[in-house]
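Overview (structure and organization)
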Amino acid sequence: MNPPSQTTRVELPPDHSFLGPTLDLIDGFASRAGMQSEQRHTLREASEIAIDLVMSTSRQGDPDQRVAVDVFEANGNLTVEVLNRGVPIFVTTQSKLFNDLARRLDKLSIENLGRQGQTLVLGMRLGEEALKKRLDVSVKKDASAQFTGEVEIRPIQPGEEDSLSQLFYFVYGYNYINDLVYYPEKLRKKIESGELISIVGALPDGKVVGHVGLLKWGDDPAVYEPCLGVTDPRLKSRGLFSQIFQKTMERVDETPMQFCFFDFVTNHDFSQRFVARYNPCDLAIFVGCQSKATQAKLERLGLGIDPPEMDRYSLLFSVLPKAKHPFGEEVVLPAGIGEMLDFLLKPLNLKWRPAPRFELLPLEGDYQTQFQASQNAVVFDLFQPGRKAVDKILRDWYQLIRSGYQYAAIEVPLDMPGIGNLYDILAGEGFFISGFIPYHYGSRLGFRFQTIGPTKVAWDDIKVYTEDAKKLLALIRQNYERNGIL
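Below: a short report on this structure. (Residues numbered from 1 in each chain as written. Predicted model: local features only at pLDDT ≥ 70, side-chain atom pairs only at ≥ 80, totals over all residues. Heavy atoms only, no water.)

Taken N-terminus to C-terminus, the directions of helix H6 (residues 161-172) and helix H7 (residues 184-193) make an angle of 120°; their axes are 9 Å apart at the nearest point. For the element pair H6 / H7, the angle class is oblique. The two elements H6 and H7 meet at a crossing, and its hand is right-handed. Contacts between H6 and H7 involve Glu161, Asp162, Leu164 and Ser165 from the former and Pro184, Leu187, Arg188 and Ile191 from the latter. Along the lines of polarity and charge, the residues of the contact of H6 with H7 split into 4 nonpolar, 1 polar and 3 charged. (Axes fitted to C-alpha atoms, helices over the stretch in contact; angles between N-to-C directions. Helix = DSSP H or I, 4+ residues; strand = E, 2+ residues; numbered from the N terminus. Parallel < 35°, antiparallel > 145°, perpendicular 65-115°, else oblique. Left-handed = near helix turned anticlockwise from the far one by under 90°. Contact = heavy atoms within 4.5 Å. Nonpolar A, V, L, I, M, F, W, Y, C, P; charged D, E, K, R; others polar.)

This is the structure in structure tokens:
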């Protein structure tokens, strides 16, 4: 990474007596950038762990080699980069430490620089107070702003990406789940490349007061997601979201694709009610997959009061087919899953036949891990099911629980052997069903198993609208309770 030109750099020997003053420098930079005290404390602790690690590796190599620390701010994020010129550091050998860091930060990575060594990159959003200063606007003052004139529903125009980022801030602060919305330049690139079709509601002065995007996830087959939906709660209701979404769905009809998919928040069912008119097929519910901190509060949206007993939020996953057989004509399933969830497959024109009853998992297997640190969640992609891989996933998950993670999912393609055996193993370890997924957002159907750590799930407050979704929620809850996670 090449930091911006306005960067504070300090080079120091790998001597821990220099650690305190370096942390003071980072904290001072964060304070001047407007970062709130709680975030500064977290950043200081994480920086101490990272710099201490690099100092230790430096002493193992050339003890005279200096450690470089860069601190800079860009696009609402404060970044600390620690240059390691000592013994290379790998996540696999420092998994516990890196899990701890990932839980604290919004970004954590190791960038290899070849002969120049490595850079540990620590990133944290500056927070709401900092953005207020950069926008030079008070939220309280802006909340009373007058919105006058007719709202025009149209594609976004070049240069309006800044206003769109501000809109997401006013609704979500810095907590929106997809941080793409805080980078106007990234939004602009995706729009220019065709990866994002962006429909806005704009006032005559160009102020963006509503948005829905159509994000492309794949080319073969073509798959899109209507997403990034937001309307300004300070604008009196004019049916704005409905108008923008309708325009977006017109683009769906005009755009060649195999299917598009939705994930709905379930602390309310307003968006589900609206989209139901387009007849999407409900496939899965991700129970407790999101942190409460990344959700827009219902009070702020003027939609009521959030359930006080809900520590984590759930998503309903649905698909709108744009082809007769988006996932083929037949799928092989364990009898237990097929009989239980057959009603989800019929709207997809998909039949199932039972897998061999005593088919076992292969011995080895392999998987990849996707950490969602801001959600305290992890997704294991079991792309090659096998007993040893499953055992390793379970060990990883139990370690992550101790590091503060609260949700885990295992996704597996259904055209692989041993899914029934996998179902039995995971049920014995407290995992429960979630439902079907488009595996890697393609034409292969997959299945998601899930589990949650020690946390509250207010089942009665999970709002789903359609009859299929209600039936699926009841089955998931039964499966959860049967597998002993109470």
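For helix H2 (residues 37-60), spanning 24 residues, the distance from its first C-alpha to its last is 35 Å, which sits close to the expected 34 Å at 1.5 Å a residue. Burial in H2 covers these residues: Leu43, Ala46, Ser47, Ala50, Ile51, Leu53, Val54, Met55, Thr57 and Ser58. (Expected span 1.5 Å × (residues − 1). Buried < 20%, exposed > 50% of the residue type's maximum accessible area, 1.4 Å probe, protein only.)

Another aspect to go through is unusual backbone geometry. Residues aspartate 220 and proline 221 are joined by a peptide bond in cis, for which omega reads 5°. On the secondary structure map, proline 221 appears in the loop between strand E8 (208-219) and strand E9 (222-231). Here asparagine 349, not a glycine, exhibits a phi torsion of approximately 55°, which is positive. Note that asparagine 349 resides in the loop between helix H11 (335-345) and strand E14 (351-354). For asparagine 349, a relative accessible area of 40% corresponds to the partly exposed category.

A word on the packing of helix H1 (residues 19-32) against H2. Remark: H1 packs on H2, axes separated minimally by 10 Å, with the N-to-C direction vectors making an angle of 145°. The crossing of H1 and H2 is right-handed. Residues Leu19, Gly20, Thr22, Leu23, Asp24, Ile26, Asp27, Ala30 and Ser31 of H1 form the contact with H2, whose own contacting residues are Arg40, Leu43, Arg44, Ser47, Glu48, Ile51 and Met55. Grouping the amino acids of the contact of H1 with H2 by side-chain chemistry returns 7 nonpolar, 4 polar and 5 charged.

What follows covers the side chain of serine 291. Structurally, serine 291 is set in strand E11 (residues 281-291). Assessed through its relative accessible area of 14%, serine 291 is described here as buried. Residues in contact with serine 291, not counting those within four places in the same chain, are Arg312, Ser374 and Gln375.

In this structure, Leu341, Phe380, Leu382, Phe436, Phe447, Phe449 and Trp459 are the most contacted members of the largest nonpolar core, which totals 94 residues. In this structure leucine 341 touches Ile433, Phe436, Phe447, Leu472 and Leu475, once residues within four positions along its chain are discounted. In terms of nonpolar packing, the next biggest core, distinct from the first, is built from 29 residues, Ala30, Ala50, Leu53 and Phe98 among them. (Core = buried A, V, L, I, M, F, W, Y, C linked by side-chain atoms within 4.5 Å.)

Let us look at the pairing of E14. Two strands pair when backbone bridges link them, and strand E13 (residues 330-333) and E14 are joined in this way by 4 bridges, in the parallel orientation. The partner of valine 331 across the bridge, within E14, is tryptophan 352. With H11 bridging E13 and its parallel neighbour E14, the resulting β-α-β unit is right-handed. (Pairing = 2+ DSSP bridges. Right-handed = clockwise from strand over helix to strand, strands pointing away.)

Looking at the secondary structure, you find isoleucine 51 in helix H2. Taking the C-alpha atoms as reference, isoleucine 51 lies 6.6 Å from valine 82; in sequence the two are 31 residues apart. Setting aside anything within four residues of it in sequence, one finds isoleucine 51 in contact with Leu19, Thr22, Leu23, Ile26, Val69 and Val82.

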